[in-house]
Amino acid sequence: VPHLEPLFGDGRDGLAVGETFTITVTADVLPGAYPSVTNTAEVSSPTDDVDPSNNAASDSAVVPPLVDLAITKTHAEPVQVGGQITYTVTVRNNGPTPDPGPVRMLDTLPGSLTPVSASADGMTCVVTGQTVACQALAPLGVNAELVITIVADVGPAAYPSVANTAIVTTPGCSVGPAAGPDTPCPDTDLTNNEATDVATVTPLIRLGVVKTLSSLEAANATWNIVVTNLGSNATVAGIRARARWRG
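Attention here is on the structure that accompanies the text. Only a predicted model underlies this, so the values are computations on that prediction, with no experimental measurement involved.

Overview of the side chain of Thr 97
Inspection of the secondary structure assignment puts Thr 97 in the loop between β6 (84–93) and β7 (104–108). At 2.8 Å, the side chain of Thr 97 forms a polar contact with the backbone nitrogen of Leu 66. Ignoring anything within four residues of it in the chain, the contact list for Thr 97 reads Pro 31, Tyr 34, Pro 65, Leu 66, Val 67 and Val 142.

The following block contains the structure:
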């Protein structure tokens, strides 16, 4: 059996009429045994057997998956208040077996970002409020990846930086507390099921100035100059106004 590696066994020579004996064989289960493995044992003897039809027995065992899902998250530069941010989330199965799933990606965006869209080949994605949820349409093979693109509007509160975290899960697993014994987790490493991206955000500042003549008496003129920040963020340094004279 190529997917099992025997460790030891026992047997004996000769067998009396009506006598039975049991052989215990222990084997390591290799990744190729997933999702099931069948093992056949045969018995033979130099003595003629009048009924060889019962000299073989097979046993089939269901083998659960064993996976290591991992997730990474990046964003495209630059990021500015009033614009959009584009995230790329990559989910990978490091094996050693395929993940029957369905593999799920969950991303709850902070309040300073407003989700606009989410898409991925091989997944269905739904945006509900601040949450983006994507689910794989098929099992995820060993070393296979799913790439999700998330676009969001950048609000004023995102300045000066915004952090966003995405997680990946598979049935029976949760990021954080271990799954109960009735739903064993096939993921061997939950430490890489969460990815956080921190983006530096440029503020949106748009200054406007209005200058009006308030009085003109003989050789004296008085102007009122009003400077207004028409942007979404407060200025980060002092404001300087300068008047130029012509004529």
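Next comes the rest of the write-up.
Section: the state of the cysteines
A complete count under the given rule lists two disulfides for this structure. Covalently, Cys 125 is tied to Cys 134 through a disulfide, its sulfur atoms 2.1 Å apart. Handedness of the Cys 125-Cys 134 disulfide follows from its S-S torsion of about 115°: it is right-handed. Judged by its relative accessible area of 22%, Cys 125 falls in the partly exposed class. Through a disulfide, Cys 173 is tied to Cys 185; the S-S separation comes to 1.9 Å. On the sign convention where negative means left-handed, the S-S torsion of about 100° between Cys 173 and Cys 185 marks this disulfide as right-handed. A residue pair is termed long-range when its members are at least 10 positions apart, and Cys 173 in the loop between β12 (161–169) and β13 (194–200) and Cys 185 in the loop between β12 and β13 qualify at 12 residues. The partly exposed category is assigned to Cys 185, whose relative accessible area is 28%. When the cysteines engaged in disulfides are numbered in sequence order, the protein pairs them as 1-2, 3-4.

Description of a nonpolar patch on the surface
Taken together, the side chains of Val 209, Trp 223, Ile 225, Val 227 and Ile 239 make up a nonpolar region of the molecular surface, amounting to roughly 440 Å² of accessible area. Ranked by residue count, the leading element in the nonpolar patch is strand β15 (residues 220–229), at three residues. By the element assignment, Val 209 lies in strand β14 (residues 207–217). Taking relative accessible area as the criterion, Val 209 reaches 58% and is therefore assigned exposed.

Some thoughts on the environment of Gly 82
Among the structural elements, Gly 82 can be located in the loop between β5 (69–75) and β6. Relative accessible area serves as the criterion here: at 62%, Gly 82 is assigned to the exposed category. Residues Gly 82 and Asp 153, spaced 71 residues apart in sequence, show a C-alpha to C-alpha distance of 7.0 Å. With sequence-adjacent residues up to four places away left out, Gly 82 is seen in contact with Val 154 and Leu 204.

Observations regarding the sheet that holds strand β11 (residues 145–154)
With respect to topology, four strands assemble into an open sheet ordered β5-β6-β11-β8, the strand pairing being antiparallel. Strand pairing shows two members of the sheet lacking a second neighbour, β5 and β8 (113–120), which therefore form its edges. Averaged over neighbouring strand pairs, the angle between their axes works out to 20° when direction is ignored. Both β5 and β6 contribute to a ladder of seven bridges, which runs antiparallel. The residue of β6 that forms the bridge with Thr 74 is Thr 88.

What counts and how
Residues numbered from 1 in each chain as written. Predicted model: local features only at pLDDT ≥ 70, side-chain atom pairs only at ≥ 80, totals over all residues. Heavy atoms only, no water. Helix = DSSP H or I, 4+ residues; strand = E, 2+ residues; numbered from the N terminus. Polar contact = N/O pair within 3.5 Å; in protein donor to acceptor, adjacent residues only side chain to side chain. Contact = heavy atoms within 4.5 Å. Disulfide = S-S within 2.5 Å. Buried < 20%, exposed > 50% of the residue type's maximum accessible area, 1.4 Å probe, protein only. Patch = residues over 30% accessible without salt bridge, like charges linked within 9 Å, V, L, I, M, F, W, Y side chains within 5 Å. Areas by Shrake-Rupley, 256 points an atom, 1.4 Å probe, with all protein chains shown as cover. Salt bridge = Lys/Arg side-chain N within 4 Å of Asp/Glu carboxyl O. Pairing = 2+ DSSP bridges. Axes fitted to C-alpha atoms, helices over the stretch in contact; angles between N-to-C directions.

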